[in-house]
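# Structural description and commentary
Residue-level listing of the chains:
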Amino acid sequence: MQISINGEAHSLESPIKLTALLQQLGYRGETFAVAVNGSFVSRSEYGNTQINSGDSLDIVAPVVGG
């Protein structure tokens, strides 16, 4: 199945929970936010959010400096 992460195509074998996907991608801690199909997901809902074929994710993190 195909999804988009920050505008780049990614392949997954099957639907996956957002928490598991973030772990696979190496995201740790709390210094980022995730939007799925244009809607930000509350951190408390990461484990309940299913990522399916065609979904578009935006993972954003603060940048230090000006």
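Mapping Asp55 onto the fold places it in the loop between strand S6 (50–51) and strand S7 (56–60). Here Asp55 occupies a buried position and makes no salt bridge, while the nearest side chain of opposite charge, Lys17, is found at 11 Å. From its side chain, Asp55 meets the backbone nitrogen of Asn52 in a polar contact 2.8 Å long. Residue contacts for Asp55: discarding those within four places in its chain leaves Gln2, Ile3, Ser4, Val36, Asn37 and Gln50.

Bringing the sheet that holds strand S1 (residues 2–5) into the picture now. The 5 strands lie next to each other as S2-S1-S7-S4-S5, forming an open sheet whose pairing is mixed. Two strands close off the open sheet at either side, each with one partner strand: strand S2 (8–11) and strand S5 (39–40). Pairing geometry for strand S4 (residues 33–36) and S5, over 2 bridges, is antiparallel. Among the inter-strand pairings, Val36 is bridged to a residue of S5, identified as Ser39.

Here the focus is the nonpolar core. Leu18, Leu21, Val34, Ile51 and Leu57 are the most contacted members of the largest nonpolar core, which has 15 residues in total. Breaking this core down by element, the ones donating at least two residues are S1, helix H1 (18–25), S4 and S7.

With that settled, consider unusual backbone geometry. Even without a glycine there, the phi angle at Asn6 is positive, about 50°. In this structure, Asn6 sits in the loop between S1 and S2. Its identity is not glycine, yet Asn37 carries a phi of approximately 55°, on the positive side. By the element assignment, Asn37 lies in the loop between S4 and S5. On the accessibility criterion, Asn37 (48% relative accessible area) is partly exposed.

What follows is about the pairing of S1. Here S1 shows a clear split, with Ile3 and Ile5 buried on one side and none of Gln2 and Ser4 buried on the other. Relative to S2, S1 runs antiparallel, the two being bridged by 4 bridges. Along S2, the bridge assignment pairs Gln2 with Ser11. In this structure, the hairpin formed by S1 and S2 is closed by a connection of 2 residues, where Asn6 is found at a positive phi of approximately 50°. Across 2 bridges, the pairing between S1 and S7 is parallel. Note on S7: the bridge partner recorded for Ile5 is Leu57.

Rules and cut-offs
Residues numbered from 1 in each chain as written. Predicted model: local features only at pLDDT ≥ 70, side-chain atom pairs only at ≥ 80, totals over all residues. Heavy atoms only, no water. Helix = DSSP H or I, 4+ residues; strand = E, 2+ residues; numbered from the N terminus. Buried < 20%, exposed > 50% of the residue type's maximum accessible area, 1.4 Å probe, protein only. Lys, Arg positive; Asp, Glu negative; His and termini not counted. Salt bridge = Lys/Arg side-chain N within 4 Å of Asp/Glu carboxyl O. Polar contact = N/O pair within 3.5 Å; in protein donor to acceptor, adjacent residues only side chain to side chain. Contact = heavy atoms within 4.5 Å. Pairing = 2+ DSSP bridges. Core = buried A, V, L, I, M, F, W, Y, C linked by side-chain atoms within 4.5 Å.

Interpretation note: all reported values are geometric properties and have no functional meaning in isolation.
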